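Commentary on secondary and tertiary structure
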Amino acid sequence: MASSPLEMASSPHFVIFPFMSKGHTIPLLHLSRLLFHRRIKLTIITTTTNRPFIARFLGWTSDDPNIIDLPFPSQVQGIPQGIESTDKLPSISLFLPFATATKIMQPHFEQALGKLSHVTAIVSDGFLSWTLESANKFGIPRLSFLGMNNYVGAVCREVFLNRLLSGPESDDDLITVAGFPWIKITRNDFDKPLNQRVPATDPHLDFIIESSIATANSHGLISNSFYELEPLFVDYLNSDPKPKVWCVGPLCLAEPQPPMVEARVDHHPRWMGWLDQKLAQKRPVVYVAFGSQAEISIRQLEEISKGLEESQVSFLWVVRKDDEETIVVMKDLEERVGERGLIVREWVDQMGVLKHESVKGFVSHCGWNSVLEGICWKVPILAWPMMAEQHLNARMVVEEIKIGLRVETCDGSVRGFVKADGLRKMVKELMEGEKGKEVREKVEEIGEGAKKAMAKGGSSWRTLNELIDELQRVRLGSDESKGESYIPVDDLHLLRI
Ligand code: UDP
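Source: prediction; values computed, not measured. (Residues numbered from 1 in each chain as written. Predicted model: local features only at pLDDT ≥ 70, side-chain atom pairs only at ≥ 80, totals over all residues. Heavy atoms only, no water.)

With that settled, consider the site of the ligand. Surveying the vicinity of the ligand reveals 16 residues, the closest of which are Ser292, Val348, Asn369, Ser370 and Glu373. For the ligand, an oxygen atom lies 3.3 Å from a polar atom in the side chain of Gln350. Between the ligand and His365 there is a distance of 3.0 Å, counted from an oxygen atom to a side-chain nitrogen or oxygen. Contact with the protein chains covers 93% of the free accessible surface of the ligand, which is 530 Å². (Near = heavy atom within 4 Å. Polar contact = N/O pair within 3.5 Å; in protein donor to acceptor, adjacent residues only side chain to side chain. Areas by Shrake-Rupley, 256 points an atom, 1.4 Å probe, with all protein chains shown as cover.)

See below:
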């Protein structure tokens, strides 16, 4: 437990407001557990449908008064009634209307804030940019949580401020990143609308700019990373006075570990039994999972199934699609591989899987939480990025921190189609090859570093204590900065030019 005099003087109270997608909610719930175990009062803000997930994750009862649920806006075009989390959207193309609709929750949020007493800080997701205005109204410091690493933050900053994407003809031409000349990226490493040579007016771009400006004007930025993993990039971002980046992760290492979510605590799911069996048979397992929202075509699923079959490696594959075509492909694969492979269509406790001793490789889309979980449980990654900032994460994993290999696409482009053979070859290399051995050694070393950072006295442990102390000082009025806006960040408008 932290025990600085300021903490003891008056008990801090944090309001945590996660964005409604699993990859954004889960790390903030880990942060909540960390704060809770430092005797900090918490109020978690969410929506009605997300409440049970949050309560279960924290091991609280569903009616716990410290969870406040606000009504999610109804009748948003394209969003079916009752869908309040991005992983449940019929298509991820509905992300923008979903995210912008959250703004309608602002009056409800402010009503709830008005009823809370002595709030020290609001930690809200970067996508909930409007919460800065609410925080300012109440004179409460807001910390933004982006859920990405500092390598990506620093590379993006260099790329956009120097307009590096407007140069090359081809989307696959390598571009040297100005401030970090050993890093080469391509336009294809960026999703729309960031990948435009000449950015046009685009509501998605407006949304990104609005979120970035709100983060820049917040009291600080909470980063789910640890300093020793990426010191250069943290220092680069912190060379700008605001917003200060506070590395307090990997948050998935927060102790005690959470109860299993979406399953009863005492339930030993069949895939864990299967993993036990593989351990007894001394058969290493590759875990294949692409997060909570990746969309994969049926053709690509067929190639994955062939590649896994031909690799001859034992595999546990989490498939999130349950349409008829997918079910046929999966049934077929199950028949072909027998007990060598297991396909799961439910929500799995991914950390529990990665922790299992038989899991020796992770074919991952490189969502930042998945990468961190791979690091923490020392499982090397076969990087197969799909969307958002995952392509840059994959570069970090393979080229910067070297804890993984990259899947082979048929045309060499980072967005290319992956044929069975490209997957088979790289799964074999990861599990049995020389390069696989190198990245396995590296992930073990970095995984140890992650544990040290989170342990008592480690860099993330100290940073969190410093952050709590600083916020306490701000609220006790002994700091000039209070909760108001700091600087207009006109630079961010360069994204448009
Ligand atoms: N996750 C899980 N079980 C599943 C699917 C996902 O526990 O069946 C968790 C995973 O451990 C991670 C988060 O959901 O913490 C997904 O976040 P990530 O950043 O990896 O990817 P995203 O889903 O945001 O693309």
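The next point concerns the packing of helix α16 (residues 420-432) against helix α17 (residues 434-454). The contact between α16 and α17 brings their axes to 5 Å, and the two run at 55°. Compared by their axis directions, α16 and α17 come out oblique. The handedness of the crossing between α16 and α17 is right-handed. Residue-level inspection shows Glu429, Leu430, Met431 and Glu432 of α16 in contact with α17, the latter providing Glu434, Lys435, Gly436, Val439 and Arg440. Classifying every residue of the contact of α16 with α17 by side-chain character gives three nonpolar, one polar and five charged. (Axes fitted to C-alpha atoms, helices over the stretch in contact; angles between N-to-C directions. Helix = DSSP H or I, 4+ residues; strand = E, 2+ residues; numbered from the N terminus. Parallel < 35°, antiparallel > 145°, perpendicular 65-115°, else oblique. Left-handed = near helix turned anticlockwise from the far one by under 90°. Contact = heavy atoms within 4.5 Å. Nonpolar A, V, L, I, M, F, W, Y, C, P; charged D, E, K, R; others polar.)

The next subject is the environment of Val319. As for its position among the elements, Val319 is in the loop between β11 (314-318) and α12 (324-337). When its relative accessible area of 3% is taken as the criterion, Val319 is described as buried. Distance from Val319 to Lys88, taken between C-alpha atoms, is 14 Å for residues 231 residues apart in sequence. The residues contacting Val319, other than those within four sequence positions of it, are Thr326, Met330, Ile343, Val344 and Arg345. (Buried < 20%, exposed > 50% of the residue type's maximum accessible area, 1.4 Å probe, protein only.)

In this section: the sheet that holds strand β10 (residues 285-289). The strands that make up a sheet pair up through hydrogen bonds in the backbone, lying either parallel or antiparallel. If you trace the six strands from one edge of the open sheet to the other, you get β12-β11-β10-β13-β14-β15, paired in parallel fashion. The sheet is open, and its two borders are formed by β12 (341-344) and β15 (404-406), each paired with just one other strand. Strand-to-strand, the axes of this sheet are offset by a mean angle of 20°, without reference to chain direction. The sheet contact formed by β10 and β11 spans four bridges and is parallel. In the sheet register, Val288 faces β11, and the bridge partner there is Trp317. (Pairing = 2+ DSSP bridges.)

With that settled, consider the environment of Gly367. Turning to its location among the elements, Gly367 is positioned in the loop between β13 (359-364) and α14 (368-376). Sequence spacing of Gly367 and Ile401 is 34 residues, and the spatial spacing of their C-alpha atoms is 16 Å. The residues contacting Gly367, other than those within four sequence positions of it, are Gln390 and Asn393.

Looking now at the pairing of strand β4 (residues 121-125). The buried fraction of β4 amounts to five of the five residues, a majority that puts the element mostly inside the structure. Residue alternation in β4 divides its side chains into two sets, Ala121, Val123 and Asp125 and Ile122 and Ser124, and both sets are buried. As defined by bridge partners, strand β1 (residues 13-17) adjoins β4 across four bridges and the pair is classed as parallel. In the strand pairing of β4, Val15 is matched with Ile122. Where β4 lies against strand β5 (residues 142-145), four bridges are found, and the strand directions are parallel. Looking across to β5, one finds that Ser124 is bridged to Ser144. Each parallel crossover has a hand, and the one from β4 via helix α6 (residues 131-137) to β5 is right-handed. (Right-handed = clockwise from strand over helix to strand, strands pointing away.)

A few words on α16. Counted at 1.5 Å a residue, the expected span for α16 with its 13 residues is 18 Å, and the 18 Å between its end C-alpha atoms agrees. Those residues of α16 not exposed but buried are Ala420, Gly422, Leu423, Met426, Val427, Leu430 and Met431. Mapping the buried residues of α16 onto a view down its axis gives an arc of 160°, with all of them on the same face. (Expected span 1.5 Å × (residues − 1). Arc of directions from axis to C-beta.)

Counted according to the given criterion, the structure contains 22 salt bridges. A salt bridge links Asp171 to Arg187, with the shortest nitrogen-to-oxygen separation between them at 2.5 Å. Note that Asp171 is positioned in the loop between α7 (150-161) and β6 (175-177) and Arg187 in the loop between β7 (180-185) and α8 (203-216), a separation of 16 residues in sequence. For Arg187, a relative accessible area of 2% gives the class buried. Overlapping salt bridges, with partners in common, bring together Lys22, Asp87 and Lys88 in one network. (Salt bridge = Lys/Arg side-chain N within 4 Å of Asp/Glu carboxyl O.)

Attention now goes to the nonpolar core. Taken as a class, soluble globular proteins show a tendency for nonpolar side chains to be buried jointly. Grouped together as the largest cluster of nonpolar side chains are 96 residues, with contacts concentrated most on Phe14, Ile185, Tyr287 and Leu316. Of the residues forming this core, the biggest block, seven residues, is contributed by α7. Filtering out sequence-adjacent residues up to four positions away, Tyr287 remains in contact with Leu316, Val318, Val348, Gln350, Val353, Leu354, Val359, Gly361, Phe362 and Val363. Core analysis: the second largest hydrophobic core is formed by 29 residues, Ile298, Leu333, Leu405 and Val407 among them. (Core = buried A, V, L, I, M, F, W, Y, C linked by side-chain atoms within 4.5 Å.)

Turning our eyes to something else, we now look at unusual backbone geometry. The omega torsion across Lys192 and Pro193 is 0°, close enough to zero to call that bond cis. Turning to its location among the elements, Pro193 is positioned in the loop between β7 and α8. Looking along the chain, the bond that leaves Gly249 and enters Pro250 is cis, with omega of 0°. Relative to the helices and strands, Pro250 is located in the loop between β9 (244-247) and α10 (270-280). In the Ramachandran plot, Arg163 falls in the positive-phi region, its phi being about 50° despite a non-glycine side chain.

In this section: the side chain of His30. Counting through the fold element by element, His30 comes out in helix α2 (residues 22-36). For His30, the side chain forms a polar contact with the side chain of Arg33, separated by 2.8 Å. When neighbours within four sequence positions are excluded, His30 is seen to be in contact with Phe57, Leu251, Cys252, Ala254, Pro258 and Met351.

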